[in-house]
Amino acid sequence: MAALLLCVTGGCRGSDRFEFDPSEAVWQSFSGEKALAYAAQILELGPRPPGSDALEVSRVYLENQLQSFGWTVQRQTFDDATPRGPVTFVNLRARFTGTDTATPPGDLWERPIRALVCSHYDTKLIEDFTFLGANDPVSSMAALLEIARVAAENPDFARHLELVFFDGEEAFVKYTATDGLYGSRYYAERLRKWPGHLQPAHGVLLDMVGDQDLKVRVPKDSPYALVQRLFLAAEEAGHRAHFGMGDNALLDDHVPLNNAGVPTIDLIDFDYPYWHTSSDTLDKLSAASLEIIGQTTVLLLEQHLVPEE
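Residues numbered from 1 in each chain as written. Predicted model: local features only at pLDDT ≥ 70, side-chain atom pairs only at ≥ 80, totals over all residues. Heavy atoms only, no water.

Novice: Explain the overall build of the protein chain to me, please; I cannot follow it from the model alone.
Specialist: Helix and strand counts for the protein chain stand at 9 helices and 8 strands. Its C-alpha atoms give the protein chain a radius of gyration of 18 Å, near enough to 19 Å, the size a compact globule of 309 residues would have. Dimensions of the protein chain, computed from the C-alpha atoms along their principal axes, are close to 50 × 40 × 35 Å. Among the 309 residues that make up the protein chain, the fraction classed as buried is 61%. Counted over contacts in the protein chain with a minimum sequence separation of 6, partners at least 24 positions apart contribute 80%. Carbon together with sulfur atoms contributes 50% to the accessible area of the protein chain, which is approximately 11700 Å² in total. For the protein chain, the distance from the average site of its 25 positive side-chain charges to the average site of its 45 negative ones is 4 Å. (Helix = DSSP H or I, 4+ residues; strand = E, 2+ residues; numbered from the N terminus. Rg over C-alpha atoms; globule rule 2.2 N^0.38 Å. Buried < 20%, exposed > 50% of the residue type's maximum accessible area, 1.4 Å probe, protein only. Contact = heavy atoms within 4.5 Å. Areas by Shrake-Rupley, 256 points an atom, 1.4 Å probe, with all protein chains shown as cover. Lys, Arg positive; Asp, Glu negative; His and termini not counted. Charge placed at Lys NZ, Arg CZ, Asp CG, Glu CD.)

Take a look at the structure:
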């Protein structure tokens, strides 16, 4: 989980214009209870390291949920070398179609978007005990699913987003240039090849956001302008007390995105005593915390990142 290398870029990179309509704001519709219910269903699958049968079942679960909210899902499948040998990884990309069945799938992925909203969905491979990963990564997976549901209430807003579930965020041994962040590194390599007018202007990464004592600490090297937007959104949502600046840089899936030229902020509460232990279980999560992170993220997107600057 690494440093945020963010620079805010102005102007809309896509040709589709979005202007925020306060009457259609959906951030208040985010339900922490619904997000917690998604988390409980995912955790029933057990550990879900890359390449496992359980991770494939979780993929199908995510696909079914997203499709039920009106999102079309694309699998981004690739093989990569790991300290455990070659592994097949699968990122999930989702874009909103709703009831618009006239949109050809090919055109869907050529449509300009304004923002990426991301989470990883693999659990760390731990063989000494059963690791379920309730906060890391199920809390952010569940929050992203609920974001998908509420964003669909405003199709004009939802169509400016791409939701991404990264595979292989966890290192098999330790984070190096070739171990860990497999999915986001692969995605970012492809992102570099997108035509300029299709490049998203912003990215938001969620990771470890369900702690009962939620204290999101933005990496200290985050660009001031984007931090200002986050804190303003948190203030407007009534959740400012839960957001602050961190003391350190963190290695996480936002790093490859920033390196690829898409300014991306990492919303993470890394002060979590159960991290990578057998105690990272459902009872450590809070519906209230999920609601705080979800409402703030959606408000940030719909009022400060998706509208044209």
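Novice: I tried to follow the pairing of strand β4 (residues 161-166) on my own but got confused; where do I start?
Specialist: Along any regular strand, the residues point their side chains to alternate faces of the sheet. Extensive coverage of β4 is indicated by the burial of 6 of its 6 residues. The side-chain alternation of β4 yields two buried faces, one formed by Leu161, Leu163 and Phe165 and the other by Glu162, Val164 and Phe166. The sheet contact formed by strand β2 (residues 87-96) and β4 spans 3 bridges and is antiparallel. Across the sheet, Leu92 pairs through a bridge with Phe165, a residue of β4. Sheet topology note: the strand β3 (residues 115-120)/β4 ladder contains 6 bridges and is parallel. What sits directly across from Leu116, in β4, is Glu162. (Pairing = 2+ DSSP bridges.)

Novice: Just to check I follow, could you spell out helix α7 (residues 224-237) for this structure?
Specialist: Three or four residues apart is the spacing at which side chains of an α-helix point the same way, because the helix has 3.6 residues per turn. For α7, built from 14 residues, the straight-helix expectation of 20 Å at 1.5 Å per residue is met to within 8% by its first-to-last C-alpha distance of 20 Å. Those residues of α7 that are buried are in contact with β5 (202-207), β6 (216-218), β7 (243-245), β8 (264-268) and α9 (287-305). The positive-phi residue at the C-terminal boundary of α7 is Gly238, with phi of around 85°. (Expected span 1.5 Å × (residues − 1).)

Novice: Can you help me understand the pattern of salt bridges in this one?
Specialist: Where charged atoms from two side chains of opposite charge come close, those side chains can pair. Enumeration over the complete set of coordinates arrives at 13 salt bridges. In this structure, Arg84 engages Glu127 in a salt bridge whose closest nitrogen and oxygen atoms are separated by 3.3 Å. In this pair, Arg84 sits in the loop between β1 (71-80) and β2 while Glu127 sits in the loop between β3 and α4 (134-151), placing the two residues 43 residues apart along the sequence. We note a salt bridge from Asp156 to Arg159, for which the minimum N-O separation is 3.8 Å. (Salt bridge = Lys/Arg side-chain N within 4 Å of Asp/Glu carboxyl O.)

Novice: I'm lost on the sheet that holds β8 in this one. Help?
Specialist: A sheet is described by the order of its strands in space; here 6 strands give the open sequence β1-β2-β4-β3-β5-β8, paired in mixed fashion. Where the open sheet ends on each side, the last strands, each with one partner, are β1 and β8. On average, each strand axis in the sheet is tilted by 20° relative to the strand beside it, whichever way the strands run. α9 contacts β3, β4, β5 and β8 of the sheet and is inclined by roughly 180° relative to β5. (Axes fitted to C-alpha atoms, helices over the stretch in contact; angles between N-to-C directions.)

Novice: Can you help me understand the pairing of β2 in this one?
Specialist: Burial within β2 is extensive, with 9 of its 10 residues counted as buried. Two elements, β1 and β2, share 10 bridges in a ladder whose sense is antiparallel. In the sheet register, Gln74 faces β2, and the bridge partner there is Arg93. Here β1 folds back onto β2, and the loop between the two strands holds 6 residues, one of which, Gly85, carries a positive phi near 95°.

Novice: I'm lost on unusual backbone geometry in this one. Help?
Specialist: Among all residues except glycine, the phi angle is most often negative; among peptide bonds, the trans geometry is most common. Residue Pro137 is reached from Asp136 by a cis peptide bond, and omega for that bond is 20°. Along the chain, the position of Pro137 falls in helix α4. One non-glycine residue, Met208, lies in the positive phi region at around 55°. For Met208, the location among the structural elements is in the loop between β5 and β6. The backbone phi angle of His276 is positive, close to 55°, even though this residue is not glycine. Residue position: His276 is located in the loop between β8 and α9.

Novice: What is the right way to look at the nonpolar core in this model?
Specialist: Across soluble globular proteins, nonpolar side chains show a tendency to be buried alongside one another. Counting 67 residues, the largest nonpolar core has Leu66, Trp71, Leu161, Leu163, Phe165 and Leu301 as its most contacted members. With 11 residues, α4 is the largest single contributor of residues to this core. If you look at the next biggest cluster of nonpolar residues, it comprises 14 residues, including Ile113, Leu191, Trp194 and Leu257. (Core = buried A, V, L, I, M, F, W, Y, C linked by side-chain atoms within 4.5 Å.)

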